[in-house]
Amino acid sequence: AYRRQRQMCIRDSHRIVAEALTNAARHQVDPVVSVRVTSGQTVVVEVVSTGRVCPQPGTGVGLEGLRERAASAGGTLEAWQAGETFTVRAELAA
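Residues numbered from 1 in each chain as written. Predicted model: local features only at pLDDT ≥ 70, side-chain atom pairs only at ≥ 80, totals over all residues. Heavy atoms only, no water.

Let's hear about the pairing of strand E1 (residues 28–39): which residues, and what values?
Here E1 pairs with strand E2 (residues 42–53) via 10 bridges, running antiparallel. Looking at the pairing, Ser34 lines up with Val48 of E2. Between E1 and E2, which pair antiparallel in sequence order, lie 2 residues. (Pairing = 2+ DSSP bridges. Helix = DSSP H or I, 4+ residues; strand = E, 2+ residues; numbered from the N terminus.)

Can you lay out the environment of Ile16 for me, pointing to particular residues and giving the numbers?
Mapping Ile16 onto the fold places it in helix H1 (residues 2–27). By relative accessible area, Ile16 is classed as buried at 1%. Put simply, Ile16 and Ala90 are 74 residues apart on the chain and 8.0 Å apart in space, counted from C-alpha to C-alpha. (Buried < 20%, exposed > 50% of the residue type's maximum accessible area, 1.4 Å probe, protein only.)

So what's going on with the side chain of Asp12? Which residues, and what values?
By the element assignment, Asp12 lies in helix H1. Side-chain polar atoms of Asp12 contact the side chain of Arg69, separated by 3.1 Å. Sequence-distant contacts of Asp12, defined by excluding residues within four places in its chain, comprise Arg69, Ala73 and Leu92. (Polar contact = N/O pair within 3.5 Å; in protein donor to acceptor, adjacent residues only side chain to side chain. Contact = heavy atoms within 4.5 Å.)

For the nonpolar core, give the residues involved together with the corresponding values.
In this structure, Ile16, Val45, Leu77, Val88 and Leu92 are the most contacted members of the largest nonpolar core, which totals 15 residues. Mapped onto this core, the elements with two or more residues apiece are H1, E2, helix H2 (61–72) and strand E4 (85–93). Per-element accounting of this core gives the leading share, 4 residues, to H1. Other than its neighbours up to four places away in sequence, Ile16 contacts Val45, Leu66, Arg69, Leu77, Val88, Ala90 and Leu92. (Core = buried A, V, L, I, M, F, W, Y, C linked by side-chain atoms within 4.5 Å.)

Help me get a handle on the pattern of salt bridges, residues and values and all.
It is possible for side chains bearing opposite charge to pair when their charged atoms get close. Applying the stated criterion across every chain yields a total of 6 salt bridges. Residue Asp12 pairs with Arg11 through a salt bridge whose shortest N-O separation is 3.1 Å. You can call Asp12 buried: its relative accessible area is 2%. With a relative accessible area of 37%, Arg11 lands in the partly exposed category. (Salt bridge = Lys/Arg side-chain N within 4 Å of Asp/Glu carboxyl O.)

Can you tell me about the sheet that holds E4, naming the residues and giving the values?
Pairing is antiparallel in the open sheet, where 4 strands are placed in the order E1-E2-E4-E3. Because the sheet does not close on itself, it has two edges, and the strands there are E1 and strand E3 (76–82). Adjacent strand axes in the sheet meet at a mean angle of 10° when their direction is disregarded. In terms of strand pairing, E3 meets E4 through 7 bridges, oriented antiparallel. Counted as the bridge partner of Thr76 is Glu91 from E4. Of the strands in this sheet, E3 and E4 are in contact with H2, which crosses E3 at around 150°. (Axes fitted to C-alpha atoms, helices over the stretch in contact; angles between N-to-C directions.)

Right under this line is the structure:
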């Protein structure tokens, strides 16, 4: 059971990072992106992108899918924007 949970956590972490990177490339001009993953009792995935925001906003469908993925894994996902910096932070059961 532990091995399966760990594999699911790794898969979900990968997909969260991939979608956050896709969003940065799609919705920001020349973004500078950092990815940080830490693990302990939980796995925390944080993707921070900074770049001029494209004038056409996204639909939010990708972020909603990420929230659902995190929730199905017993975790949470938050996303927020401060100026030209966009952050996606997920906390998943390890």
